[in-house]
Structures are given as C-alpha cells and as structure tokens.
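Listed below are the residues making up each chain.
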Amino acid sequence: MGERLSEIWVYLAASPLLGLTVTLLAYQAAHWIYLRANMSPFANPVASSIALLVVILWSTDTPYATYFDGAQFVHFLLGPATVALAVPLYANFARLKRELLPIGGALIAGAMTAAVSAMANGWLAGATRATVISLAPKSVTTPIAMGLAEKLGGLPSLTAVFVVLTGIIGAVLARGVLDALRIRDDAVRGIAIGVAAHGIGTARAFQVSATMGAFAGLAMGLSGVVTTLLLPLVLRFAQG
Amino acid sequence: MLGAITVLLLYQTIGEIVVLLTGLPVPGPVVGMALLFVTLLVRGEAPAPLRDTAERLLSHLSLLFVPAGVGVMLHFERLGAEWLPIVLALVASTVLTLGVSALVMQALRRRSRAGSG
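Note that the structure is predicted; figures quoted are calculated from it, not measured.

## Some details on the overall build of chain B
- Within chain B one finds 7 helices and 0 strands.
- When the helices and strands of chain B are read in sequence order from the N terminus, they spell out α-α-α-α-α-α-α.
- The C-alpha radius of gyration computed for chain B amounts to 20 Å, which surpasses the reference 13 Å derived for 117 residues by more than 25%, pointing to a less compact arrangement than a globule.
- In terms of its C-alpha atoms, chain B occupies a principal-axis envelope of roughly 50 × 50 × 30 Å.
- Sequence separation of 24 or more characterises 33% of the internal contacts of chain B that already satisfy a separation of 6 or more.

This is the structure we're talking about:
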C-alpha cells in the first residue's frame, strides 16, 4: 500500500496538474480565512496563500520549478488580464477626461515617487545593485514589472516578489495613511491605492467601494504605462 | 466568453509582435492594452461579452499574483542578507507613494475647480 502511494505521488509530483490544483486550493483556503476575518487587510489572501504554498513545497521537498510547471497556467493569465484593463479604462474614460490634469499629475508624481524612493532607500540602506534595480518597478502590476526588470537588468523573479510584497503592504497600510492625511474622497483614495499597490490594492479597493475600485484600476493601468515610459529615463539619469 | 478570450489573446499577441518589431521598451501586454483601448474608443462601445470576461478575469486578479509570489522561496538567501534595506525600501516607498499621489491629486483638483469656478 505504502509503495503504491509513493508511486502515485511520484506520478502526480511530476505532472503540472498538482501545482495548478494546489495553487487554486491554497488560494481558496486563504480567501475563506480572509472572509472569516471580516476582510481585514492583515488577512490578505495573497500573502497567506503564498505562505501556505511555500510551507507545502518545503515540507514535500518540491522545487519551485516543478511547482511552476503547473502554476504557470495561472501566471500566464496575467498577460490577458493586463490587456483586459483596457475595458475598465474605457468605461471610466469620461471621468478620466474630466479630471485629466489631477489624475495625470497624481500618476506621474506617484509613479516617480514609487520608483525613485524605492531605489534610493534600498541603495542608501545598503542593498546590492541587482536588488536596487529589481526594486524600481515594484509598484506596477506583475507582468509589466517583470518585463521592465528584464529590460533594465534586474532579476524578474525577484521583482515579482517585491511587487507582491508591495501590493500586500499597500493593501494593509492604505487606510491608515490616507485617513491620517484626511483624504476622504473615494476617487482620490482609489487613485493613490492603484498607483502605490497595483492589482492587489485594486482588489482591496473594489471591496470598499465600486468607485474606489474603478479609480484604482484606472490608476493601476495608467501608472504601468507611465512607469514603463519614465523608468528607463530615470535609470539612465541615475547611472549618469 | 470564448470570443472575448480570443480577442484578449489576439491583442496580447499583436502587442508582443509590435514590441519585437519596434524594440519599444514596453512589455507586450501593455501595448496590447493600449491597442484594445484605442479600438474601443473607435468602436464607441465595449461589447457585453468582452465586458463580462474582463470583469471576471480582473475580479480574480489577486490569485494571478500567487505563482510569482511563491518564487520568494528562490530568493530566501538574498532576502535574508538584505532584508533591512528591502523592508525599508518597500514600506517607506509605498507609504510615500500613497501620500504623494493622493495629495497631488487633491491639490490639482482644488486648483482646477478654483480656476473654472
């Protein structure tokens, strides 16, 4: 019986089915915990499903590459999801046109602040060059950030980790920071969350209000574009 | 649904091809997003199936970050060695970004309202 079980394990562990299934299971368990915790930002489902999966992979001695063989089918959807951002962007185009200057100004200022302050802080606190470059695109959504890290000479997989951490930090801290600054308007709060904490922040914003979510989604899409255009220039300037 | 997914993949593919041909420093999906946005503007409406599919895909956006996030296990060594600068950079820059973008938007809004009013 034990032999039979280990045969089954060897077969399953080598097929992409397991990585994919365990990702969906872990996420749904994490989401359930999140709902039970009254959607407290501290029970962020991305953070807890990652923690759960790392523990599972560790205790079964499964290498990340084997896991990713299955999980890549989920990861792949980030590309079409980025394209799909055109739809909420289009739906909110009227609002965007009406407030082009405030939103545009906030996007450029926010995107620059995110990249420059992350690099400067990392560099001043003694991070290595590869880490500093990988930090630069951390506030934009994963597919954009990984693409940028690759083009700029950072480590795309490290950037992906920073992106996810940033999203979690943003989702946890947004309410406190924006309350402290007495920002009450949902549109302004949404833009700030979308610029600072991309998709994970946007997912959180949608749970607070549809307006906040729409503006966060708008900001996430546009700050990805703004960062893509400005970051190469910033890096060229920083490297003299 | 099937048609809408095909449209999304088609625009992503066109985006990748444009990036490969022009050497633009922009990821392919972003070009795909821009092209789809322009298409919607020209058409003057977003077809309902595309709206539904986009909404469904984006409502599970958090899940899509999980596989890349698990990649944290590849970088434990680097994270262990550089955890302080990394935590500092991430937390400080996220707080700053939240604050700066909110304050800039609020200030510009007040100005443009004062200007038009």
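## So, the overall build of chain A
- Helix and strand counts for chain A stand at 13 helices and 0 strands.
- Relative to the 2.2 N^0.38 estimate, which gives 18 Å for 240 residues, the radius of gyration of chain A is 19 Å and therefore close to what a compact globule would have.
- Relative to its 240 residues, chain A shows a buried fraction of 54%.
- Here the contacts in chain A between residues at least 6 apart in sequence split such that 62% fall between residues at least 24 apart.

## Here's the deal with the domain arrangement of chain B
- Assigned domains of chain B: these are domain 1 (1-64) and domain 2 (69-117).
- The distance between the C-alpha centroids of domain 1 of chain B and domain 2 of chain B comes to 27 Å.

## Comments concerning the interface of chain A and chain B
- Between chain A and chain B, the contact holds 92 residues from the first and 63 residues from the second.
- Top element by residues in the side of chain A that touches chain B is helix 11 (residues 156-180) of chain A. It accounts for 15 residues.
- Here the residues of the side of chain A that touches chain B sort into 60 nonpolar, 28 polar and 4 charged.

## Focus on the packing of helix 3 (residues 45-59) of chain A against helix 11 of chain A
All names here are of chain A.
- Contact pair helix 3 / helix 11: the axes reach a minimum separation of 9 Å and the direction vectors enclose 135 degrees. Compared by their axis directions, helix 3 and helix 11 come out oblique. The segment helix 3 lies against helix 11, with Val-46, Ala-47 and Ile-50 engaging Val-164, Gly-167 and Ile-168.

## What about the environment of A:Gly122?
- In this structure, A:Gly122 sits in helix 8 (residues 100-124).
- Put simply, A:Gly122 and A:Ile183 are 61 residues apart on the chain and 28 Å apart in space, counted from C-alpha to C-alpha.
- Those residues in contact with A:Gly122 that lie beyond four places of it in its chain are A:Ala127, A:Thr131, A:Val132, A:Leu135, B:Pro85, B:Ile86 and B:Ala89.

## Quick notes on helix 8 of chain A
- Under the 1.5 Å per step criterion, the end-to-end length of helix 8 of chain A is 35 Å for 25 residues, consistent within 8% with the ideal 36 Å.
- Following helix 8 of chain A by one or two positions, A:Gly126 adopts a phi angle in the positive range, close to 95 degrees.

## A short note on the environment of B:Gly3
Residue and element names in this part refer to chain B.
- Here Gly-3 is to be found in helix 1 (residues 2-22).
- By C-beta crowding, Gly-3 is classed as exposed, having 11 other C-beta atoms within 10 Å.
- As a C-alpha pair, Gly-3 and Pro-49 span 46 residues in sequence and 7.9 Å in three-dimensional space.

## A look at helix 12 (residues 186-208) of chain A
- Helix length check: helix 12 of chain A (23 residues) gives 9 Å between terminal C-alpha atoms against 33 Å at 1.5 Å per residue, more than 12% under.
- Along helix 12 of chain A, the sharpest change in direction is near 140 degrees and occurs at A:His198.

## Here we look at the nonpolar core
- Core analysis: the biggest nonpolar cluster contains 113 residues, and A:Ala84, A:Ala86, A:Val164, A:Ile168, A:Ile191, A:Val195 and A:Ala219 have the highest contact counts within it.
- Looking at which element gives the most residues to this core, the answer is helix 11 of chain A, with 13 residues.
- Contacts of A:Val164, omitting those with residues within four sequence positions, involve A:Val46, A:Ile50, B:Phe65, B:Ala68 and B:Gly69.

## Overview of the domain arrangement of chain A
Residue and element names in this part refer to chain A.
- Here the domain parsing of chain A yields domain 1 (2-76) and domain 2 (84-238).
- Centre-to-centre, using C-alpha coordinates, domain 1 lies 27 Å away from domain 2.
- Counting residues at the interface gives 7 residues for domain 1 and 8 residues for domain 2.
- Residue classes in the side of domain 1 that touches domain 2 are distributed as 6 nonpolar, 1 polar and no charged.

## Let's talk about the packing of helix 10 (residues 142-152) of chain A against helix 13 (residues 210-238) of chain A
Residues and elements named next belong to chain A.
- The contact between helix 10 and helix 13 brings their axes to 11 Å, and the two run at 20 degrees. The angle between helix 10 and helix 13 falls in the class roughly parallel. Remark: the crossing between helix 10 and helix 13 carries right-handed chirality. Between helix 10, through Ile-144, Leu-148 and Leu-152, and helix 13, the contact on the second element is made entirely by Gly-224, Thr-228, Leu-231, Pro-232 and Leu-235.
- When the residues that make up the contact of helix 10 with helix 13 are grouped by side-chain class, the tally is 6 nonpolar, 2 polar and no charged.

## Describing unusual backbone geometry
All names here are of chain A.
- Despite not being glycine, Arg-182 has its phi angle at roughly 55 degrees, a positive value.
- Relative to the helices and strands, Arg-182 resides in the loop between helix 11 and helix 12.
- For Arg-182, a count of 8 C-beta atoms within 10 Å gives the class exposed.
- A positive phi angle, close to 35 degrees, is found at His-198, a residue other than glycine.
- Mapped onto the elements, His-198 comes out in helix 12.
- With 32 C-beta atoms packed within 10 Å, His-198 lands in the buried category.

Cut-offs used in this document
Residues numbered from 1 in each chain as written. Chains lettered and ligands numbered in written order. Predicted model: local features only at pLDDT ≥ 70, side-chain atom pairs only at ≥ 80, totals over all residues. Helix = DSSP H or I, 4+ residues; strand = E, 2+ residues; numbered from the N terminus. Rg over C-alpha atoms; globule rule 2.2 N^0.38 Å. Contact = placed C-beta atoms within 7 Å. Buried ≥ 20, exposed ≤ 12 C-beta atoms within 10 Å, placed from the backbone. Domains from an automatic or database assignment. Nonpolar A, V, L, I, M, F, W, Y, C, P; charged D, E, K, R; others polar. Axes fitted to C-alpha atoms, helices over the stretch in contact; angles between N-to-C directions. Parallel < 35°, antiparallel > 145°, perpendicular 65-115°, else oblique. Expected span 1.5 Å × (residues − 1). Bend = angle between axes of the 7 residues up to and from the residue. Core = buried A, V, L, I, M, F, W, Y, C linked by C-beta atoms within 7 Å. Left-handed = near helix turned anticlockwise from the far one by under 90°.

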